[in-house]
Number of protein chains: 2
Amino acid sequence: MGRCCPRGPQRRWGQKFSTEDMEKEWETLRAWKERMEQELDRVVAFWMEHSHDQEHGGFFTCLGRDGQVYDNLKYVWLQGRQVWMYCRLYRKFQRFRRSELLDSAKAGGEFLLRYARVAPPDKKCAFVLTQSGLPVKVQRTIFSECFFTMAMNELWRVTGEERYQNEAVEMMDQIIHWVREDSSGLGRPQLPGTPAAESMAVPMMLLNLVEQLGEADEELAGKYAELGDWCAQRILQHVQRDGQAVLENVSEDGKELSGCLGRHQNPGHALEAGWFLLRHALRKGNPELRAHVIEKFLLLSFHSGWDPEHGGLFYFQDADNLCPTQFRDPEYGEWFGYLNREGKVALTIKGGPFKGCFHVPRCLAMCEEMLGALLSRLASVPAPTCSPPAVPAP
Amino acid sequence: MGRCCPRGPQRRWGQKFSTEDMEKEWETLRAWKERMEQELDRVVAFWMEHSHDQEHGGFFTCLGRDGQVYDNLKYVWLQGRQVWMYCRLYRKFQRFRRSELLDSAKAGGEFLLRYARVAPPDKKCAFVLTQSGLPVKVQRTIFSECFFTMAMNELWRVTGEERYQNEAVEMMDQIIHWVREDSSGLGRPQLPGTPAAESMAVPMMLLNLVEQLGEADEELAGKYAELGDWCAQRILQHVQRDGQAVLENVSEDGKELSGCLGRHQNPGHALEAGWFLLRHALRKGNPELRAHVIEKFLLLSFHSGWDPEHGGLFYFQDADNLCPTQFRDPEYGEWFGYLNREGKVALTIKGGPFKGCFHVPRCLAMCEEMLGALLSRLASVPAPTCSPPAVPAP
């Protein structure tokens, strides 16, 4: 994949690749695609076998290594992510068009509709619920609500039931109101010492939702077009220090903040932001933005976020190379979720409050799609031409 | 120290120790005492040199390895702890009776009086303040207020100024009201799914305050006597599973809770609770309680909380040996605060949101006092007798 490059005088495919080279390339891609398929199958099988709550609907996500449920709490964002993941697989992959997936996604969606909101019709969702749906904790952020929205929109796409789409759009409008007009409904105390900071997570998440709701839907794509531009501009403000660092938190007018909060970096998060921005640049047909994003969010994050001693991306970094106060280990794959810096398994759990049926299968599904696209391109063109690499939808 | 035992037929000192043995024992204790003195001097020197905010009063506690201030935020509980620590050292150790310590403690106390409360005269304190004292975050717990109380009481003990003691007692009464009568002032939402759980930290902290306020003060000791008994009874409820486990969270009527919350263990915390309970048992003259506490909170925690592979106490454990979802590393000494499981330095910071000038110097000061007490006992008795080992005050 690294050899696919923009069309240019120095590296034309025709000059570099013989037919034999191309066959070898094709074979490598095919083997990787097969591996992604297998891994995705195994990951989905794991969640299908262990996570479904047949009694109340929804999903157990606190699962041990062998799938044992070690806690029956239900984290709303992980419920929403799993509904989304199942629907997306059902919609995009022929082999996942199975009624068990759809039925479980619908049961998860109904669980969310019934219990996610703390005090309906108010739209604020709980962060975590008991197994039967009673609220345990509320977070003063927008993320439970965002994944609720993703779940509902994707449910509508596979079932065609308008009520799901209505839920998605109503929640989206509420989220936009909280972010851009009045955040008091989130319940955060207004304290004079709290800096007017913006976390990159917020415009990232909203940009992801703009794409989710706008897919093949001109009306909503139009409705949220200005929001998409606003999100992109806000994310780009997080490139600081003469373009040498992506900072997780900046002031609302795009300045570096003082202290740990201002210096905080999360390279994996910057890469994810880069992915969403790349998709945005493609939709806008903006090659300058595309080049900027590749340089600042993808290449820079890989270079400065990589652990030169043990490999892997740091979960947290400090832009002045001071010691971060967060104690968490880097998050890797489904097989295990949490490794220490040396790459040893730190936590044997497969799921918990932050990890469920989402990041790993989403990544595997994306790899499989990318590899499939590359393979069909290689198979269909006798003299290979170069076009921008595929950037799959989230 | 381990050889000092209750008087009993099997192990009388006279049978075991020759004069030569005693001289060796004395020499060992003397060497350890010297080491504790040196370490305590170095730890206090570190905080004296790097943490004082000459501009606004109070202390910087986010310090790097070499004392560099990496954030100027002021965590209220660490401000309170440092004021307490300085005053306690000033009061109890001749060599720390220095005006710089007292002046810094007073400046810290004044900073707390001026800025700790979010909306005076309401007593709720901020969790963290800006350098100049503006509130940044509020925690919906009692711990900022508890360390405020400890600071004020200890300031009163060294200065004799009644206004400090009035602040301490008023805050104490507010804390008791929150814990035993009405917690709504803490701002926690009442959600139907939240279990009616008690964290061991709450009665532990209150028992610590009962001792702090009651020291050489018969009136307050009497006022809080019933509270002390209530705290002890509540802490003892955390011994579960037929006496084989100390659990951090139990139901309010002393039953094990379901899920991770119920299985959560923190061996270092159980040891600290045991220390406070031992002091309580000594005040009450209750040898059965003393024996129970030694067995369940001290010996049991050391046995089940010790990492057999790498040594050291686990920070977190699950009573069913499942994998805990907390990611933190065990907290050790001043030299470094945070090690990973293998004992390597995980974080190079000397202070941060949870570690300041408190746990390490408190421990060193205690060791020095204990060793001093043992040495004078050895020096003064020609034929050694046995009495209960010293249990220093927090």
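## What about the overall build of chain A?
Each helix and strand in chain A was counted, giving 13 helices and 13 strands. Split into buried and exposed, the 394 residues of chain A put 54% on the buried side. Residue pairs at least 24 apart in sequence account for 62% of intrachain contacts in chain A once pairs closer than 6 positions are excluded.

## What about unusual backbone geometry?
A cis amide bond links A:Pro120 to the next residue, A:Pro121, at an omega of 5°. In this fold, A:Pro121 is placed in the loop between helix 4 (99-115) and strand 4 (128-129). Positive phi, close to 50°, is recorded for B:Ala216, a residue that is not glycine. Along the polypeptide, B:Ala216 turns up in the loop between helix 7 (201-214) and helix 8 (218-223). In this structure, B:Arg241 takes a positive phi of about 55° despite not being glycine. Assignment of secondary structure puts B:Arg241 in the loop between strand 7 (239-240) and strand 8 (245-246). We classify B:Arg241 as partly exposed; its relative accessible area is 30%.

## Re helix 11 (residues 267-284) of chain B
Residues and elements named next belong to chain B. The end-to-end C-alpha separation of helix 11 is 25 Å, in line with the 26 Å expected for 18 residues at 1.5 Å each. With 14 of its 18 residues buried, helix 11 lies for the most part within the structure. Looking one or two places after helix 11, you find glycine 285, whose phi comes out positive at around 65°.

## Looking at the side chain of B:Glu211
Residue and element names in this part refer to chain B. Tracing the backbone shows glutamate 211 in helix 7. Within polar-contact distance, the side chain of glutamate 211 engages the side chain of arginine 279 at 2.6 Å. Those residues in contact with glutamate 211, other than ones at most four positions away along the chain, are Arg279, Arg283, Ala393 and Pro394.

## Details of the sheet that holds strand 3 (residues 74-75) of chain B
Residue and element names in this part refer to chain B. Across the sheet, 3 strands lie side by side as 3-4-5; this open sheet has antiparallel pairing. Where the open sheet ends on each side, the last strands, each with one partner, are strand 3 and strand 5 (135-137). Here strand 3 runs beside strand 4 (residues 128-129); their pairing, made up of 2 bridges, is antiparallel. The residue bridging tyrosine 75 from the neighbouring strand is valine 128, located in strand 4.

## Looking at the state of the cysteines
Overall, the coordinates contain 0 disulfides over all chains when judged by the stated rule. The thiol of A:Cys260 is unpaired, and the distance to the nearest cysteine sulfur, on B:Cys62, comes to 5.7 Å.

## Considerations on the packing of helix 5 (residues 143-159) of chain B against helix 6 (residues 162-181) of chain B
All names here are of chain B. Axis separation between helix 5 and helix 6 bottoms out at 8 Å; the angle between their running directions is 155°. As the angle between them shows, helix 5 and helix 6 are arranged roughly antiparallel. Like other packed secondary-structure pairs, helix 5 and helix 6 cross with a definite hand, here left-handed. For the pair helix 5 and helix 6, the contacting residues are Glu145, Cys146, Phe148, Thr149, Met152, Asn153, Leu155, Trp156 and Thr159 in the first and Glu162, Tyr164, Gln165, Glu167, Ala168, Met171, Met172, Ile175 and Trp178 in the second. The residue inventory of the contact of helix 5 with helix 6, partitioned by class, reads 11 nonpolar, 4 polar and 3 charged.

## Regarding the environment of A:Arg91
Residues and elements named next belong to chain A. Inspection of the secondary structure assignment puts arginine 91 in helix 3 (residues 76-92). Spatially, the C-alpha atom of arginine 91 lies 7.9 Å from that of arginine 157, the residues being 66 residues apart in sequence. Not counting chain neighbours up to four residues away, the residues in contact with arginine 91 comprise Arg97, Glu154, Arg157, Val158 and Glu215. Here the side chain of arginine 91 touches glutamate 154 through a polar contact of 2.7 Å, side chain to side chain.

## Some words on the sheet that holds strand 4 of chain A
The 3 strands are arranged 3-4-5 (chain A) in an open sheet whose pairing can be described as antiparallel. Strand pairing shows two members of the sheet lacking a second neighbour, strand 3 (74-75) and strand 5 (135-137) of chain A, which therefore form its edges.

## A few points about the pattern of salt bridges
Throughout the structure, instances matching the rule amount to 54 salt bridges over all chains. Of the charged contacts, one joins A:Arg283 and A:Glu211 as a salt bridge, the two residues approaching to 3.3 Å between their closest N and O atoms. With A:Arg283 in helix 11 (residues 267-284) and A:Glu211 in helix 7 (residues 201-214), this pair connects stretches of sequence that are 72 residues apart. A residue is classified by how much of its surface remains accessible, and A:Arg283, at 42% relative accessible area, is partly exposed. One salt bridge in this structure joins B:Lys284 and B:Asp229, with 2.8 Å as the shortest N-O distance. Remark: B:Asp229 occurs in helix 9 (residues 225-236) and B:Lys284 occurs in helix 11; sequence separation between them is 55 residues.

## Overview of helix 9 of chain B
Helix length check: helix 9 of chain B, at 12 residues, gives a terminal C-alpha distance of 17 Å against a target of 16 Å (1.5 Å per residue), a fit within 8%. Those residues of helix 9 of chain B that fall on the buried side of the exposure criterion are B:Leu227, B:Gly228, B:Trp230, B:Cys231, B:Ala232, B:Arg234 and B:Ile235.

## Focus on the packing of aromatic side chains
Residues and elements named next belong to chain A. Taken as a whole and assessed by the stated rule, the structure comprises 16 aromatic pairs over all chains. A ring pair is formed by phenylalanine 46 and tryptophan 47, whose centres lie 5.6 Å apart and whose planes are at 80°; its orientation type is edge-to-face. The class for phenylalanine 46 is buried, based on a relative accessible area of 12%. Taking 5.5 Å as the distance between ring centres and 75° as the angle between the ring planes, the aromatic pair formed by phenylalanine 59 and tyrosine 86 counts as edge-to-face. Of this pair, phenylalanine 59 sits in the loop between helix 2 (19-50) and strand 1 (62-63) while tyrosine 86 sits in helix 3, and the two are 27 residues apart along the sequence. In this structure tyrosine 86 comes out as buried when scored by relative accessible area, which is 0%. Site record: aromatic cluster; members linked through ring pairs are Tyr75, Trp77 and Phe127.

## Section: the confidence of the model for chain A
Residues and elements named next belong to chain A. In the predicted model, chain A carries a mean pLDDT of 85, and 84% of its residues have values of at least 70. The element-level mean pLDDT for chain A is lowest in helix 1 (residues 13-16), coming to 52, with helix 9 (residues 225-236) highest at 98. Scored below 50 in pLDDT, residues 1-14 makes 25 contacts in the model with residues more than four places away or belonging to other chains. In this model, residues 328-336 is a region of pLDDT below 50 whose contacts with residues beyond four sequence positions or in other chains number 41 contacts. The complex prediction reports pTM at 0.83, with the ipTM value standing at 0.77.

## Observations concerning the packing of helix 2 of chain A against helix 3 of chain A
All names here are of chain A. For the pair helix 2 and helix 3, the least separation of the axes is 13 Å and the interaxial angle reads 130°. Put simply, helix 2 runs oblique to helix 3. In the crossing of helix 2 with helix 3, the sense of the turn from one axis to the other is left-handed. Taken together, the residues of helix 3 that come into contact with helix 2 (itself represented by Leu40, Val44, Trp47 and Met48) are Gln82, Tyr86 and Leu89. Among the residues forming the contact of helix 2 with helix 3, the class breakdown is 6 nonpolar, 1 polar and no charged.

## A few points about the environment of A:Leu227
Residues and elements named next belong to chain A. Tracing the chain through its elements places leucine 227 in helix 9. Sequence separation between leucine 227 and alanine 245 is 18 residues, and the spatial gap between their C-alpha atoms is 25 Å. Once you skip the residues sitting within four places of it in the chain, leucine 227 turns out to touch Met172, Ile176, Arg180, Leu206 and Val210.

Rules of the game
Residues numbered from 1 in each chain as written. Chains lettered and ligands numbered in written order. Predicted model: local features only at pLDDT ≥ 70, side-chain atom pairs only at ≥ 80, totals over all residues. Heavy atoms only, no water. Helix = DSSP H or I, 4+ residues; strand = E, 2+ residues; numbered from the N terminus. Buried < 20%, exposed > 50% of the residue type's maximum accessible area, 1.4 Å probe, protein only. Contact = heavy atoms within 4.5 Å. Expected span 1.5 Å × (residues − 1). Polar contact = N/O pair within 3.5 Å; in protein donor to acceptor, adjacent residues only side chain to side chain. Pairing = 2+ DSSP bridges. Disulfide = S-S within 2.5 Å. Axes fitted to C-alpha atoms, helices over the stretch in contact; angles between N-to-C directions. Parallel < 35°, antiparallel > 145°, perpendicular 65-115°, else oblique. Left-handed = near helix turned anticlockwise from the far one by under 90°. Nonpolar A, V, L, I, M, F, W, Y, C, P; charged D, E, K, R; others polar. Salt bridge = Lys/Arg side-chain N within 4 Å of Asp/Glu carboxyl O. Phe/Tyr/Trp six-rings, centres within 6.5 Å; stacked < 30°, edge-to-face > 60°. pLDDT = per-residue confidence, 0-100.

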